[in-house]
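What follows is each chain in one-letter form.
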Amino acid sequence: NNLPPTNAHLRQVDASAPQPSAAASKLSHLKAVVLGEALASEDDDVVVPSHEFSRQALVPSMQKYLEMYKASIEDPAKFWSGIASSEFYWKQKWGDQVYSENLDVRKGNIKIEWFKGGITNVCYNCLDKNIDAGLGDKIAIYWESNEPGFDATLTYSQLLHRVCQLANYLKSIGVRKGDAVVVYLPMLMELPITMLACARIGAVHSVVFAGFSAESLAQRIVDCKPKVVITCNAVKRGPKTIHLKDIVDAALIESANNGISVDVCLTYENQSALKRESTKWEKGRDVWWEDVVPKFPTSCDVEWVDAEDPLFLLYTSGSTGKPKGVLHTTGGYMVYAATTFKYAFDYKDSDVYWCTADCGWITGHSYVTYGPMLNGATVVVFEGAPNYPDPGRCWDIVDKFKVTIFYTAPTLVRSLMRDGDEYVTRYSRKSLRVLGSVGEPINPTAWRWLYNAVGGSRCPISDTWWQTETGGFMITPLPGAWPQKPGSATFPFFGVQPVIVDEKGVELDGECSGYLCVKNSWPGAFRTLYGDHERYETTYFKPFSGYYFTGDGCRRDKDGYHWLTGRVDDVINVSGHRIGTAEVESALVSHPHCAEAAVVGVEHEVKGQSIYAFVTPVEGISYSDELRKSLILTVRQQIGAFAAPDKIHWAPGLPKTRSGKIMRRVLRKIASRQLDELGDTSTLADPGVVDQLIQLADI
Ligand code: 6R9
């Protein structure tokens, strides 16, 4: 009865939105096609789900959603404990309290706990439980290699055997409950196997995306001090071979220099990329996976853990300082990842699901491994590059495995869109029924292309807004339940109360735009930043007292739909990857010829944003292409290729206020060449800097 404002808007939508009918659906499609981006307002552009789809959907209508949403908000304990007890195995039920939370720094330490005292195991719920339910022979993983024609499959029983062998090996080298395991693997089957093996024995995996540099990897190793690092010798991505083991070697030297030595480096021999004879080897430390793991028994007792014991750590970029170790725990994350997967993709047992994300990011954790496998789904794991050998590869894979749910990122959609429809229409794609998007706002043009060209105007798109920190979807369409608006993530998931606040932290009502916060906890929320609870509180809970602050801007339209408008902090989103400006700046200034650097994001047609760096060389060093190249190389080496600036803009000086703060607002305008929108520059210590920068723009 004390429902959040969002709900009031939902009621309006319910009444005012066109009712799903074949005619309406056709009309809205026509409207979308004919008017394209030129619609009077994107807020009025609706795409209505077909009757056929809605009829079979788990949540077939707005009314049903509202009922469930209301229940989830009015009594979260009842809502979530109902799901937790009926759909998961618990060795022991949680105590009297389903959850306890404090999201208000004024009332003491921030604390979020769900199902505390409950004893379970995520790996058991992903594998043993599904096998006991008769899914042993169901395909768990279709693996597709970088090279077309090379693939492999694992049934749920086979997957369990592999997981147990690795779990037994890890135990044999002394990995125990609570120990960290760093994983630096590409999208081989061994990556989900490793995650599940860690979960089985209560070890805490920390997967590092295998595109990060040796230095970034070392930084994470030093932070979480693993007993073992798991990697492979090399991987092929498209036509390129990447020697991952060399990167790990360098990282291990670097971490040893910082006082952290790792005893074991378990290395999978990825024969299609590199033979073991050609792999550099450190005797005594390095162990070939194939030499040891298959010798271990194919069954392994489960380590039963508390719902609040850690499941994994995943480092992500913030607006300042070093990457943050986002910590997720067991019970709440499990329930949330599985439930969001099920509803947001309208999951059915017969589905074949493919998410193009890498397990090195949160999307791969929650929606390649845990969410789908907790539901007993068949998952496609793809090693390669989505446009290799040509831009039709994705649809080739869709047809090959009869993929029904395809989940990807706007940046890939835009790049495939540019390559032309002929790569799409060459393939049938008729197995597809639900599409998904994640990582950044999807622009309406890309949305429509995905909807029409890829999905044949049949498949709802779940534009899922969420974050590493949230563990699972927060604002997302439920396919079939309500009309979509291309570019809007629509409405909150069950149990989530998003609010939009102004700069003073006052909740805004009705049509509004401001900072996106959440006012309650949800089971999948992260519990802390590893080793730095204070930074957790400062970053996420202090900016707006009483709320979790997401770092995103958001607008709510007249119908209550949510439109994410991008980061409002100093985080850049390049191809859906979060990169902190501070990280890139600190890499640049580590270059001996760089005196100062300031980094901003600029709009990019395919990548969403690209990195634009202003650099002041040290006295006596002149601007040159060599210096430019060497600066970019430094960033690649320190962070990874995906963080390399697209542009180095020479700066005799940076625009600073009298107190020495860089005025990024001005830099952003110069970077995007919006020179007539520079705004007030009179508070700059030296306003002349701005003209100098403008003159140097195209050098
Ligand atoms: C899952 C993931 C989180 C940031 C987030 C936001 C952006 C993600 C989005 C989206 C608009 C969507 N973001 N999904 N923006 N619409 N559907 O990407 O996690 O890597 O932590 O990034 O990505 O800015 O704050 P993460």
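These figures come from a predicted structure and were not determined experimentally.

So, about empty space enclosed by the protein. Overall, the coordinates contain six cavities of 30 Å³ or more when judged by the stated rule. Here the largest cavity is characterised by a volume of approximately 60 Å³. Surrounding the largest cavity, Phe 212, Arg 220, Tyr 315, Thr 316, Ser 317, Trp 361, Arg 578, Ile 579, Glu 583, Ile 639 and Phe 642 form its lining. Within the residue set of the lining of the largest cavity, elements represented by two or more residues are strand S14 (310-316) and strand S27 (577-580). The residue makeup of the lining of the largest cavity, split by class, is six nonpolar, two polar and three charged.

Time to look at the pattern of salt bridges. As enumerated under the stated definition, the model contains 45 salt bridges in all. Glu 74 is paired through a salt bridge with Lys 70; the nearest N and O atoms lie 3.8 Å apart. Of this pair, Glu 74 and Lys 70 both sit in helix H4 (residues 62-74), four residues apart, which is roughly one turn of that helix. The partner of Lys 227 in a salt bridge is Asp 179, and the shortest N-O contact between them spans 3.0 Å. Of this pair, Lys 227 sits in the loop between helix H10 (214-224) and strand S8 (228-232) while Asp 179 is found in the loop between helix H8 (156-172) and strand S6 (180-184), placing the two residues 48 residues apart along the sequence. Taking the relative accessible area as the measure of exposure, Lys 227 reaches 35% and is therefore partly exposed.

Moving on to the site of the ligand. In the vicinity of the ligand lie 17 residues, with Asp 463, Thr 464, Thr 468, Asp 552 and Arg 578 positioned nearest. Arg 578 has a polar side-chain atom sitting 2.8 Å from an oxygen atom of the ligand. In isolation the ligand offers 530 Å² of accessible surface; the protein chains occlude 96% of this area. Of all the secondary-structure elements, those providing two or more residues to the shell around the ligand are helix H14 (362-374) and strand S25 (562-567). The residue inventory of the shell around the ligand, partitioned by class, reads six nonpolar, six polar and five charged.

With that settled, consider the nonpolar core. Ranked by size, the top nonpolar core spans 173 residues in total, and within it Tyr 65, Phe 115, Leu 159, Leu 170, Tyr 370, Phe 494 and Leu 588 carry the most contacts. Excluding anything up to four places from it in sequence, Leu 588 contacts Cys 594, Ala 597, Val 599, Ala 613, Val 615, Leu 631, Val 635 and Ile 648. Judged by nonpolar contacts, the second largest core, of 29 residues, contains Ile 397, Phe 406, Leu 432 and Leu 450.

Within the secondary structure, Ser 521 is located in the loop between strand S22 (512-518) and strand S23 (528-529). Of note is the side chain of Ser 521, whose polar atom sits 3.1 Å from the side chain of Trp 114. In this view, Ser 521 contacts Tyr 99, Glu 101, Leu 103, Ile 112, Trp 114 and Gly 495; residues no more than four positions away in its chain are not counted.

It is worth spelling out the environment of Thr 408 at this point. Note on placement: Thr 408 falls in strand S18 (residues 405-408). Residues Thr 408 and Glu 303 lie 105 residues apart in sequence; the distance between their C-alpha atoms is 34 Å. Among all residues touching Thr 408, those that are not within four sequence positions of it are Thr 356, Val 413, Gly 436, Ser 437 and Val 438.

Cut-offs and rules
Residues numbered from 1 in each chain as written. Predicted model: local features only at pLDDT ≥ 70, side-chain atom pairs only at ≥ 80, totals over all residues. Heavy atoms only, no water. 1 Å grid on protein atoms, 1.4 Å probe; cavity = no way out; pocket = protein on both sides within 12 Å on 5 of 7 lines; lining within 4 Å. Points joined across faces, edges and corners; volume = space filled by probe spheres on them. Helix = DSSP H or I, 4+ residues; strand = E, 2+ residues; numbered from the N terminus. Nonpolar A, V, L, I, M, F, W, Y, C, P; charged D, E, K, R; others polar. Salt bridge = Lys/Arg side-chain N within 4 Å of Asp/Glu carboxyl O. Buried < 20%, exposed > 50% of the residue type's maximum accessible area, 1.4 Å probe, protein only. Near = heavy atom within 4 Å. Polar contact = N/O pair within 3.5 Å; in protein donor to acceptor, adjacent residues only side chain to side chain. Areas by Shrake-Rupley, 256 points an atom, 1.4 Å probe, with all protein chains shown as cover. Core = buried A, V, L, I, M, F, W, Y, C linked by side-chain atoms within 4.5 Å. Contact = heavy atoms within 4.5 Å.

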